[in-house]
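# Close look at the chain arrangement
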Amino acid sequence: MTVNLHRDVVAVGASAGGVEALRSLVAGLPPGYPGVLLIVLHVARSAPSALPAILDRSGPLPAGAAADGEALRPGHIYVASSDHHLLLLDGRLRLTRGPAENGHRPAIDPLFRSVARAAGPRAAGVVLSGWRDDGASGLATIAAQGGATIVQDPEDALCPWMPRAALTRVTPDHVLPAAKMGALLSGMADMDLPQSHPPNDRMLEFEVAITDPRSTLTTDTIAEPAGYGCPSCGGSLFQVESDPMPRFRCRIGHAWSPESLLDEQALALESALWIALRALEEKSALSRRMAGGRHSGTGVRLESLADDAEAAAATIRKLIDRLGEHQAPA
């Protein structure tokens, strides 16, 4: 007997400005919607998420925090908990404290990859408002496995950078305001899908598996060194993807897109400059204190050291100012 397939497993990713977009999305879903929504919103790791309660009040479907090992129930919304990746493995939800991706846990790409692997053409990926480019790589994976791709119109997003990154990475099936997505997803769930067999993807299998902290897999077994350091742990990065943009993982699994890696490197550089500035200011102050107004050869040498340190400190202050100008959002 042929079983009709439907697009009923929806993975949604959002970051800055995403709460408003998520509220609009779930408000547009009908009460009888037969699918499930799995949602990752970037939140601080140390704070509990209020999103389940917000979404539960925003639309007709029940929303709650995902529980590890929970089976999917049609017509429900599941939200990732703080400091845990949300995955779909073997038909059940999994919460893991695996390696951060693009500096986030929960991160969007791990959810999207696991849904692509588990649901194939039944999957739909949705990228909403946010900063940086988390979700773009995972959305491409959903497309490669036969799923549907949906991106919030950047003009509709409070923070358009994540939708823009997704549009750069994939040609989505739909680009529309968040308020219209509920009706779209409802229509998708009602349509029969043709039988299909997604391609086997060794890298996808690896990236889903390494998200489990119990995994003994290491990136060096499947990828070549990239020559950069991991901002999270200092380990070597390996290039796991090259087309259309490179993507990197360290040996133990921390993952970075080029944009996120550049941002983290900029933060590390600024931190190093502040440390150097502090050392120079202390050197100047100590040298002048030791000179103590003496006019001996030692006093003159110490005053010269203080002058040199102050000049170097002024140069570093200018560098910090220039870095701040280049890091301003476009």
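Residues numbered from 1 in each chain as written. Predicted model: local features only at pLDDT ≥ 70, side-chain atom pairs only at ≥ 80, totals over all residues. Heavy atoms only, no water.

To continue, consider the sheet that holds strand S2 (residues 36-41). To summarise the sheet geometry, strands pair through backbone hydrogen bonds and adopt either a parallel or an antiparallel arrangement. Spatially, S3-S4-S2-S1-S7-S8-S9 is the arrangement adopted by the seven strands of the open sheet, whose pairing is parallel. The open sheet has two edge strands, strand S3 (63-65) and strand S9 (174-176), and neither has a second partner. Strand-to-strand twist across the sheet, computed as the mean angle between neighbouring axes with direction ignored, equals 20°. Here strand S7 (residues 123-127) runs beside strand S8 (residues 148-152); their pairing, made up of four bridges, is parallel. Within S8, the position partnered with alanine 124 by the bridge is alanine 148. On top of the sheet, helix H3 (residues 108-119) reaches strand S1 (9-14), S2 and S7; it is set at about 170° to S1, its chief contact. (Pairing = 2+ DSSP bridges. Helix = DSSP H or I, 4+ residues; strand = E, 2+ residues; numbered from the N terminus. Axes fitted to C-alpha atoms, helices over the stretch in contact; angles between N-to-C directions. Contact = heavy atoms within 4.5 Å.)

Take the side chain of arginine 113 next. By secondary structure assignment, the location of arginine 113 is in helix H3. Beyond its immediate sequence surroundings of up to four residues, arginine 113 is in contact with Glu101, Ser137, Thr141, Leu204, Glu207, Val208, Arg247 and Arg249.

It is worth spelling out the packing of H3 against helix H4 (residues 136-144) at this point. Two elements in contact, H3 and H4, have axes whose closest approach is 8 Å; the angle formed by their N-to-C orientations is 5°. For the element pair H3 / H4, the angle class is roughly parallel. For the pair formed by H3 and H4, the contact residues are Asp109, Phe112, Arg113 and Ala116 on the first element and Ala136, Ser137, Gly138, Leu139, Thr141 and Ile142 on the second. Here the contact of H3 with H4 is composed, by residue class, of five nonpolar, three polar and two charged. (Parallel < 35°, antiparallel > 145°, perpendicular 65-115°, else oblique. Nonpolar A, V, L, I, M, F, W, Y, C, P; charged D, E, K, R; others polar.)

Looking now at the state of the cysteines. Taken as a whole, this structure holds zero disulfides when the rule is applied. Left without a disulfide partner, cysteine 233 is nearest to the cysteine sulfur of cysteine 250, which lies 3.8 Å away. (Disulfide = S-S within 2.5 Å.)

Spatially, four strands are ordered S10-S11-S12-S13 in an open sheet, and the strand pairing comes out antiparallel. Each end of this open sheet is capped by a strand with a single partner; those strands are strand S10 (224-229) and strand S13 (255-256). Of the pairings in the sheet, the one linking S10 to strand S11 (residues 236-241) comprises three bridges and is antiparallel in character. For glycine 229, the partnering residue across the bridge sits in S11 and is serine 236.

Quick look at unusual backbone geometry now. The step from arginine 105 to proline 106 runs through a cis peptide bond, and the omega angle for that step is 10°. Note on placement: proline 106 falls in the loop between strand S6 (92-96) and H3. Phi angles above zero are rare outside glycine, and asparagine 102 is one such case at about 55°. As for its position among the elements, asparagine 102 is in the loop between S6 and H3.

Before going further, it helps to spend a moment on helix H2 (residues 51-58). Among all positions in H2, only Leu51, Pro52, Leu55 and Ser58 are buried. Buried residues of H2 fall within an arc of 130° about the axis and therefore sit on the same side. Buried residues belonging to H2 abut helix H1 (18-27), S2, S3 and strand S4 (77-79). (Buried < 20%, exposed > 50% of the residue type's maximum accessible area, 1.4 Å probe, protein only. Arc of directions from axis to C-beta.)

Let's shift gears to the pairing of S2. Within S2, six of the six residues are buried, leaving the element largely enclosed by the surrounding structure. Of the two faces of S2, both are covered, the one formed by Val36, Leu38 and Val40 as well as the one formed by Leu37, Ile39 and Leu41. Two elements, S1 and S2, share six bridges in a ladder whose sense is parallel. Opposite valine 9, over in S2, you have valine 36 as the bridge partner. Following the chain from S1 across H1 to the adjacent parallel S2, one finds a crossover that is right-handed. With three bridges joining them, S2 and S4 adopt parallel strand pairing. Its bridge partner being in S4, leucine 38 is matched across the sheet by tyrosine 78. (Right-handed = clockwise from strand over helix to strand, strands pointing away.)

Worth remembering: the numbers are spatial, not functional.
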